[in-house]
Amino acid sequence: MLTKRIIPCLDIKDGRTVKGVNFVELRDAGDPVELGKLYALEGADELVFLDITATVEKRKTLVELVTKVAKTINIPFTVGGGISTVEDVKALLNAGADKISVNSSAVKHPEIVDQMAAEFGSQCIVVAIDTKNIDGVDFVHTHGGRKPTLKITQEWAKEVMERGAGEILLTSMDHDGTKSGFANGITSEISSALSIPVIASGGAGKMEHFKDVFTAGKADAALAASIFHFKEIPIPDLKAYLDREGVTIRI
Amino acid sequence: MQVAVIKYNAGNVRSVLYAMERLGAKAELTDDPDTILQADKVIFPGQGEAKSAMKYLRERELDQLIQSLKQPFLGICLGLQLLCEYSEEKDTTCLGIFPIQVKKFPAREKVPHIGWNLLTDTSTPLLSDLGENPFAYYVHSYYAELHPEFTIAKTHYMLDFSALLHRDNFFAMQAHPEKSSLTGEKILKNFLAL
């Protein structure tokens, strides 16, 4: 049986992890390579590295970081943040990334999804979608969820699948940071409508939330950041809990 | 120990080289026939599309070279599929080491099959000491059918398919050992020890 995946997300700025990280056992919790390695050992199924570096010059450090991660870590990882061209993707995949994720740039120029999928295969192209519900309608947002667009989330998800996306990373801006649970409604709606996997993100606060997003939310994978970084939920405990609850999981 | 990783137009070979490095093996990405012939072990990695991969191999006569090799050989992912006889992917005649057909997954569930799945019915030294629940990481839309003699491990996704194949010096694995955490590391270690 194919298992549900648990994916910690590491935010990277200028080659270092941001968001306070609380790991006593690490010499340097700001080092994405060390933190990623620890998560892999703890049983994370994949990792996502999200680069939030603002300037173009400093983005070169991302390729160097990806090389270090690929040399060290023996589970798959996705790299996202500011990727907008086929050349960006090529450099990151050549450095050893397994997948890349695109977000705002795909909204701006949807045809880049087709180009990237044709060049590198759908299996390594993740389209990240930030969604927010406005008066009962789900709209795609860009720029870290700050900028609303006129695209309806459900329609955009279907469109990027048809353009060649291999997975959808769906973040609910309504739930992100609330710790009140994932957005199971829209996650389930999109996961049922699409024939590609959906990674749910935003709102994880308790172990039950993961069970809910895998059952009610029909997610194929669940992503979270701070609850792992602050050790509010250790990954081994989470996986043992999900296993007891009957969720198919890699132990 | 000299490991040759066959260089062709397939993606994600870097991870295989890094995995070898982590195990202390000297691995070289190469399409030079002499280097491949003289290597102790040969790895045939890959992610990509069958038809263009076979075309690339034939143009460089790497197809005949692979068929003639005698040292332990490990095909990974697309590498496994290319070692079979035929792939439905763009109606492609492959290398024919294994008399097996490669088919597309039915659309009943999500395709590609992406994520961690269990290796079952394992019977080979390549898979010794894997522990109780050997999970491996998969990313693929096509699968090799089961063979009564050459299938040495199965995985289930909608149906049972060949997770690993073995015939003489040729081994092949559909999942990515280089991305399969400690299970994958053990399999690669076992391969290097053959």
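Being a predicted model, the structure only gives us computed values, none of them experimental.

Asks: Honestly, the environment of Val48 of chain A in this entry has me stumped. Any pointers?
Replies: Relative to the assigned elements, Val48 of chain A resides in strand β3 (residues 47–51). Once residues within four sequence positions are removed from consideration, Val48 of chain A is found in contact with Ile7, Pro8, Cys9, Leu10, Thr78 and Leu223 of chain A.

Asks: For this particular structure, what's the right way to read the interface of chain A and chain B?
Replies: The parts lose accessible area when they come together, and the size of an interface is often stated as this lost area. At the junction of the two partners, chain A supplies 34 residues and chain B supplies 26 residues. Each partner contributes to the roughly 2,400 Å² buried at the junction of chain A and chain B, and carbon and sulfur atoms together form 53% of this total. The largest contributions to the chain A side of the interface with chain B come from Leu2, Asn74 and Gln123 of chain A, which together make up 27% of the buried area. On inspection of chain A and its partner chain B, the count reaches two salt bridges. Our enumeration of links across chain A and chain B arrives at 16 residue pairs in polar contact (both at pLDDT 80 or more). Looking at the side of chain A that touches chain B, the elements that each hand over two or more residues are α2 (60–72) and α3 (86–95) of chain A. Considering each element in turn, the side of chain A that touches chain B owes the most residues, four residues, to α2 of chain A. Class assignment for the residues of the side of chain A that touches chain B results in 15 nonpolar, ten polar and nine charged.

Asks: Would you take a moment to explain the packing of aromatic side chains for this structure?
Replies: Between two aromatic rings, the relevant description is the distance of the centres plus the angle of the planes. Across all of its chains, the model carries 14 aromatic pairs over all chains by this definition. Between Phe49 of chain A and Phe77 of chain A the ring centres are 5.7 Å apart and the planes differ by 90°, which places this aromatic pair in the edge-to-face class. Here Phe77 of chain A lies in strand β4 (residues 77–80) and Phe49 of chain A lies in strand β3, a separation of 28 residues in the sequence. For Phe49 of chain A, a relative accessible area of 2% translates into the label buried. Among the residues examined, Phe77 of chain A registers a relative accessible area of 0% and is labelled buried. With a centroid separation of 5.7 Å and an interplanar angle of 65°, the aromatic rings of Trp116 of chain B and Tyr137 of chain B are classed as edge-to-face. With Trp116 of chain B in strand β8 (residues 113–118) and Tyr137 of chain B in strand β9 (residues 135–140), this residue pair connects regions lying 21 residues apart in the sequence. In this structure Tyr137 of chain B comes out as buried when scored by relative accessible area, which is 3%. An aromatic cluster is present here, built from Phe105, Tyr138, Tyr143, Tyr157 and Phe161 of chain B joined pairwise through their rings. Lying across the ring of Trp116 of chain B, Arg250 of chain A places its NZ or CZ 3.7 Å from the centre. Directly above the aromatic system of Tyr56 of chain B lies the positively charged group of Arg60 of chain B, at a separation of 3.5 Å from the ring centroid.

Reading the values: rules and limits
Residues numbered from 1 in each chain as written. Chains lettered and ligands numbered in written order. Predicted model: local features only at pLDDT ≥ 70, side-chain atom pairs only at ≥ 80, totals over all residues. Heavy atoms only, no water. Helix = DSSP H or I, 4+ residues; strand = E, 2+ residues; numbered from the N terminus. Contact = heavy atoms within 4.5 Å. Buried area = accessible area lost by both parts, 1.4 Å probe. Salt bridge = Lys/Arg side-chain N within 4 Å of Asp/Glu carboxyl O. Polar contact = N/O pair within 3.5 Å; in protein donor to acceptor, adjacent residues only side chain to side chain. Nonpolar A, V, L, I, M, F, W, Y, C, P; charged D, E, K, R; others polar. Phe/Tyr/Trp six-rings, centres within 6.5 Å; stacked < 30°, edge-to-face > 60°. Buried < 20%, exposed > 50% of the residue type's maximum accessible area, 1.4 Å probe, protein only. Lys NZ or Arg CZ within 6 Å of the ring centre and 35° of its normal.

These figures capture arrangement, not role.
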